[in-house]
Amino acid sequence: MTIYTQIDENKNKSLLIMVIFVALISLLAFVFDKVGGFGYGLLLPALAFSTVSAVGGYFYSDKIVLAISGAKLVAEKNNPELYRLVENICIAAGLPKPKIYTIDDSAPNAFATGRDPNHASICFTTGILSKLNRLELEGVVAHELSHIKNYDIRFMSIVTVMVGMVTLLSDWYLRSFWYRPRRRDEKESGNIGVVMLIIAIVLAVISPVFAMLVQLAISRKRELLADASGVLLTRYPEGLASALEKIASDKEPLEAANRATAPLYIVNPFKGEPFKGFLTSLLNTHPPVGERISILRSM
Amino acid sequence: MSYLVILVVLIAVVILYVLGTYNLFVTAKVRVQQSFRDIDIQLKKRYDLLPDLVETAKKATSLDEKIFTEVTRLRSDAIEAKEAGAPLSQRADVENKLSGMMRDIKVAVEAYPDIKSHGELLDLMSKVSDIEEKIAYSRQFYNSNVADYNTKIKLFPAMIIASNMGFKGEEFFAAPEEEKKDIKVSF
């Protein structure tokens, strides 16, 4: 698989996820229309809303992601070393320099976002900047630039925004069921009403789970690929390996991260809460750090 | 009749393939040329910075005069090779020697007592290591583009088109052996 097939794949999948998003929201609205007997009262606004947010998500996913993570733009004069480091690895990758952001959090982590290399941002926590040495930081930057170069950022950012929204909406739907004032004619709507109600609840429960699974299935191979192509830029696997080691062994959780943005980070920001048992392999957003490190060290 | 159709379709397919392959070669070659210009930009910056550095270092330190004359000589050799359109291997050789000298100067200057009081020199040294890094990285990008282009024109059956249309392999910009050590400086 070359970088160009990766890029095409990411562009296609980005479009696909937007279509799925619109379809899923519209389907939910349709079901609730049927249950509540609103005609198309929810479907049409839902269709409009989801289309607008899918397109908006395409153009603004990076800004949304950066805003909910509390990231601040870094001026060149405030951190010339960091600028220089990013700029130089960009030369090696043949990429324009992305915008540089920081999150004020002492937990070490980093991510990249944007829709293409010309509209890309790279974001570091203040913790990663202070805890890693230059070589380790170079490894991390090269990893993130690889995500930018092969358009992982477009797909991941869109997925993050869409999944975040689906989760939010079905939460809201589900809650509206419990707190809805009971109407007199409800009992008379009969079996169909009950069936539709069950479907509605099932959908509302399943959709965030489904959305999570979509997101997880896609991010694990990406991290390994970005590790490998990052090392091609720095020619120094040990830098990234020891960076991953430091990030993973740091016990502090990253407060700015949430379930939707977690897969964007270089190392899973939720520490000390591994998912145990049957679902383990499904619910871990990142490949085990130990595995990544041993692959890097064998290079 | 149907043979004619088949023949026309076959010819069309071959023409499309040749055109597509030709464009692929041109794209790859343009990438090589562009990335070479990127190296040249960094090399030019180094030529511009060197006289300044030599002057300042001479004033601030009592390092061996030989180092400075050697650097100045290498710099003019490098510029000469560039302007004479010397083959890449020759240019790379001079530039690599120059990089080696820069490393020596850096080590010597950093070991110099009360170097901290020479702000101007320190400033120049940090510019130098930035440029050295940029040269290394742009050379790496150039080499990866060359590798990509050379592979494309050597694969069968595209190589038939390449050799008929005069696409020749490009030369790598050789990296000095000690390069990797240089990247291992701490922050």
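Above this text is the structure in question.
A brief look at the structure comes next. Since the model is a prediction, treat every value here as computed from it, not as a measurement.

Some words on the interface of chain B and chain A
By a widespread convention, an interface's size corresponds to the accessible area lost as its parts come together. Contact with chain B, which involves 16 residues of that partner, is made by 18 residues of chain A. Of the roughly 1700 Å² buried at the junction of chain B and chain A (both faces included), carbon and sulfur atoms supply 58%. When contributions to the side of chain B that touches chain A are tallied by element, the ones reaching two or more residues are helix H1 (2–60), helix H4 (119–154) and helix H6 (179–183) of chain B. With 9 residues, the top contributor of residues to the side of chain B that touches chain A is H4(B). Grouping the constituent residues of the side of chain B that touches chain A by class yields 5 nonpolar, 5 polar and 6 charged.

A look at the side chain of A:Ser61
The topology assignment puts A:Ser61 in helix H2 (residues 43–68). Once you skip the residues sitting within four places of it in the chain, A:Ser61 turns out to touch A:Gly56, A:Ser157, A:Ile158 and A:Val161.

Here's the deal with the sheet that holds strand S3 (residues 110–116) of chain A
Residues and elements named next belong to chain A. Read across the sheet, 4 strands follow the order S1-S2-S4-S3 without closing on themselves; strand pairing throughout is mixed. The outermost strands of the open sheet, each flanked by one partner alone, are strand S1 (71–73) and S3. Neighbour-to-neighbour, the strand axes of the sheet open up by a mean angle of 25 degrees, direction not taken into account.

Focus on H2(A)
Residue and element names in this part refer to chain A. Taking 1.5 Å of rise per residue, the 26 residues of H2 would be expected to cover 38 Å, yet its terminal C-alpha atoms sit only 28 Å apart, more than 12% below that figure. A bend of about 75 degrees at Tyr60 is the largest found in H2. The set of residues buried in H2 consists of Leu43, Ala46, Ser50, Ser53, Ala54, Gly57, Ser61, Asp62, Val65 and Leu66. Downstream of H2 by a residue or two, Gly70 has a phi angle that is positive, lying close to 65 degrees.

Rules used throughout
All chains use their own residue numbering, which begins from 1 and follows the written sequence. Here chains are named by letter from A upward and ligands by number from 1 upward, in the order in which they appear as written. Predicted model: local features are reported for residues with pLDDT of at least 70 only, side-chain atom pairs are reported and counted for 80 or more only, and whole-chain, interface and lining totals are derived from all residues. To get the side-chain values, all heavy atoms of the structure are used, and hydrogens and water are removed first. Note on contacts: a residue pair is in contact if any heavy atoms of the two residues lie within 4.5 Å. Simply put, the buried area is the total loss of 1.4 Å probe accessible area from both parts when two parts are fitted together. A run of DSSP states H or I qualifies as a helix once it reaches four residues; a run of E qualifies as a strand once it reaches two. Both are numbered from the N-terminal end. Each residue gets one label: Ala, Val, Leu, Ile, Met, Phe, Trp, Tyr, Cys and Pro are nonpolar, Asp, Glu, Lys and Arg are charged, and the others, such as Gly, are polar. When DSSP finds at least two bridges between two strands, those strands are taken to pair. Here the axes come from fitting lines to C-alpha atoms, over the contacting stretch only for helices, and the angles between their N-to-C directions go from 0 to 180 degrees. For a helix, the expected span equals 1.5 Å multiplied by the number of residues minus one. Note on bend: the value at a residue is the angle between axes fitted to the seven residues ending there and to the seven starting there. A simple rule labels every residue: compare its accessible area, found with a 1.4 Å probe on the protein chains alone, to the largest value its type can have, and call it buried under 20%, exposed over 50%, or partly exposed in between.

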